[in-house]
Amino acid sequence: MCDISDNRSQRQGMKTISLKDAVGTVLAHDITEIRPGEFKGTAFKKGHVLKAEDICHLRRLGKENLFVLEIKEDEMHEDDAAYAVAGALMGEGTGIRGEPREGKIDIIAERDGLLTINKEALCNFNKFGEVMCATLHTHTVVREGQVVAGTRAIPLVVKKDLIHGIVASLQGSPVIIVKKMRKPKAGVVITGSEVYHGRIKDAFGPIITEKIRALGGEIQSIYYAPDDEAYIESRLRELIEAGCDLLITTGGMSVDPDDVTRFAIRNLGARDIVYGSAVLPGAMFLVAYIEKGPGGQGVKESSNRECQLLEPSNPQSLEPFIPILGIPACGMYARTTVFDLILPRLLAGEKIGRTELAELGHGGLCMKCPECRYPVCPFGKA
């Protein structure tokens, strides 16, 4: 980070002054206070701007002279530098908590949503050397008021030109954003003749309901369907006509002859169908999109029933589309799967395709801990 090849640079700008002349100057070192049997610690921290009321306290500590910093016209105090770079790093949905302290400032979420980090821009920012920023992982679901990043100036004094250059480099390209997530109206089709005919109890419904509600959504309807393409397709159409803006199917995603769910989705007229993800559990996951018909209701029919690529006019918006998520059987017994990684991103307006699912391979192996602590774990955190 900072260049420390010449230790003398650490003393540049320092000078010794009398305590009576110290008001308004900046301490260049910590000052320790010891009260026998009561307290031992730091009374004044490095970087503290001395006030009139501090002088008596310092005299009680036996101080008559101090090392202070002399900040020149072309330099900035660490707190001012931290405030400047924090403002440049922040995008929509973020804010600052409190005042800078010792050159550090916390960046918080100003709303519930999905934290997204421009990782390349963050890396470039940290290469400047005299500033730093550490964040939570991108695609973390965060709550209002939660600390999502911390940034600071590393030296006590930073050149103004450096800070101004950093701020200019980030103009229009914020590094930290908290995207608002829509609250879905989900429709679910649980497939499998064994469940449909009551031979086994449904385990999918309660799990999906809990996960949708945890993100502020609601379940519009849950249908049960046998392993029949036409029947599954019909139930999905009914859910769309009922106003569902997210479709979820469960089961029927393997390679057995009776596993026909993905074919029913294709027959519905779905586009951009991607079957298979680089995540365990969840390798047989499916994501697809249905284009809404006029007025936002129903399905826009396609003359071509084959799986084809159709990119929306605005890749950041899924407004013309209804996402379909096909969850394989692992969703019944694994507490966290690829479904948990993808759902928040869809609700934040991201379009998930082959590339996004492939990128999840790095970090996409669940460790199967005896006590699952997701999201406080490395799963999906590449």
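Thresholds, definitions, all that
Residues numbered from 1 in each chain as written. Predicted model: local features only at pLDDT ≥ 70, side-chain atom pairs only at ≥ 80, totals over all residues. Heavy atoms only, no water. Helix = DSSP H or I, 4+ residues; strand = E, 2+ residues; numbered from the N terminus. Buried < 20%, exposed > 50% of the residue type's maximum accessible area, 1.4 Å probe, protein only. Contact = heavy atoms within 4.5 Å. Areas by Shrake-Rupley, 256 points an atom, 1.4 Å probe, with all protein chains shown as cover. 1 Å grid on protein atoms, 1.4 Å probe; cavity = no way out; pocket = protein on both sides within 12 Å on 5 of 7 lines; lining within 4 Å. Points joined across faces, edges and corners; volume = space filled by probe spheres on them. Nonpolar A, V, L, I, M, F, W, Y, C, P; charged D, E, K, R; others polar. Salt bridge = Lys/Arg side-chain N within 4 Å of Asp/Glu carboxyl O. pLDDT = per-residue confidence, 0-100. Core = buried A, V, L, I, M, F, W, Y, C linked by side-chain atoms within 4.5 Å. Pairing = 2+ DSSP bridges. Axes fitted to C-alpha atoms, helices over the stretch in contact; angles between N-to-C directions. Parallel < 35°, antiparallel > 145°, perpendicular 65-115°, else oblique. Lys, Arg positive; Asp, Glu negative; His and termini not counted.

K.L.:
Mind showing me how you'd approach the overall build of the chain here?
P.N.:
In terms of helices and strands, the chain carries 11 helices and 20 strands. By the burial criterion, 46% of the 382 residues in the chain qualify as buried. Residue pairs in contact within the chain that sit at least 24 positions apart in sequence constitute 69% of those at least 6 positions apart. Accessible surface, the chain as shown: approximately 19700 Å² in total, 51% of it carbon and sulfur.

K.L.:
How do you make sense of the layout of surface pockets when you look at a structure like this?
P.N.:
Gaps between atoms show up when a probe of the same size as a water molecule is rolled over them. In this structure, the largest pocket spans a volume of roughly 1100 Å³. Considering the residues around the largest pocket, the lining is formed by 40 residues, among which H139, V141, D340, P344 and Y374 are closest to the centre. Sorting the residues of the lining of the largest pocket by element identifies β9 (113-117), β11 (140-142), α6 (204-214), α9 (330-333), α10 (338-347) and α11 (354-359) as the ones contributing at least two each. Looking at the lining of the largest pocket, the element that brings in the most residues is α10, giving six residues. Of the residues belonging to the lining of the largest pocket, the class tally is 18 nonpolar, 10 polar and 12 charged.

K.L.:
Help me understand the pattern of salt bridges, please; the structure alone is not making it clear to me.
P.N.:
Two side chains with opposite charge may pair up if their charged atoms get near one another. For the coordinates displayed, the defined rule picks out 17 salt bridges. The residue K20 makes a salt bridge to D21 at a minimum N-O spacing of 3.5 Å. The salt bridge involving R35 is made with E33; its shortest N-O contact spans 2.8 Å. Given a relative accessible area of 34%, R35 falls into the partly exposed group. A single salt-bridge network, built from bridges that share partners, covers E33, R35 and E38.

K.L.:
Would you mind going over the confidence of the model for the chain with me for this structure?
P.N.:
In low-pLDDT segments, the atomic positions of the prediction should not be examined closely. Model confidence for the chain is summarised by a mean pLDDT of 88, while 90% of its residues fall at 70 or above. Contacts for the low-pLDDT stretch residues 301-316, under 50 throughout, to residues beyond four places or in other chains number 26 contacts.

K.L.:
Would you mind going over the nonpolar core with me for this structure?
P.N.:
Most often, soluble globular proteins keep nonpolar side chains buried together rather than apart. Counting residues in hydrophobic clusters, the biggest one holds 33 residues, and the most contacted among them are I208, I212, I248, L325, I342, L343 and L357. Secondary-structure elements contributing two or more residues to this core are β15 (185-191), α6, β17 (246-250), β19 (286-291), β20 (321-327) and α10. Considering every element that reaches this core, the biggest residue donor is α10, with seven residues. Counting 29 residues, the second-largest nonpolar core is a separate cluster that includes A81, V85, A86 and A153.

K.L.:
Whenever I open this one, the sheet that holds β19 confuses me. Can you help?
P.N.:
Strand pairing in a sheet takes place through backbone hydrogen bonds and is either antiparallel or parallel in direction. With respect to topology, six strands assemble into an open sheet ordered β16-β15-β17-β20-β19-β18, the strand pairing being mixed. Two strands bound the open sheet, and with one partner strand each, they are β16 (218-225) and β18 (271-275). Ignoring which end each strand starts from, the neighbouring axes of this sheet average 20 degrees apart. Both β19 and β20 contribute to a ladder of six bridges, which runs antiparallel. The residue bridging E291 from the neighbouring strand is F321, located in β20.

K.L.:
In this structure, what is going on with the packing of helix α2 (residues 78-89) against helix α4 (residues 160-169)? I would like to understand it.
P.N.:
Two numbers describe how α2 lies on α4: the axes approach to 9 Å, and their chain directions differ by 10 degrees. Considered as vectors, α2 and α4 are oriented roughly parallel to each other. Packed against α2, whose contacting residues are A81, A84, V85 and A88, the element α4 presents I163, I166 and V167 at the interface. In terms of residue class, the contact of α2 with α4 is made up of seven nonpolar, no polar and no charged.

K.L.:
Is there a simple way to think about the side chain of D259 in this case?
P.N.:
Structurally, D259 can be placed in the loop between β17 and α8 (261-267). Despite being buried, D259 has no salt bridge partner; R262 is the closest side chain of opposite charge, sitting 6.1 Å away. Every residue in contact with D259, bar those within four places of it in the chain, is listed here: G252, M253 and S254.

K.L.:
What am I meant to see in the sheet that holds strand β14 (residues 176-179) here?
P.N.:
Here we have three strands laid out as an open sheet, ordered β11-β9-β14, and antiparallel in their pairing. The open sheet has two edge strands with one neighbour each: β11 and β14. When strand polarity is set aside, the average angle formed by the axes of neighbouring strands in this sheet is 35 degrees. Bridge count between β9 and β14: four bridges; the pairing is antiparallel. Bridging across to β14, T116 finds its partner in I177.

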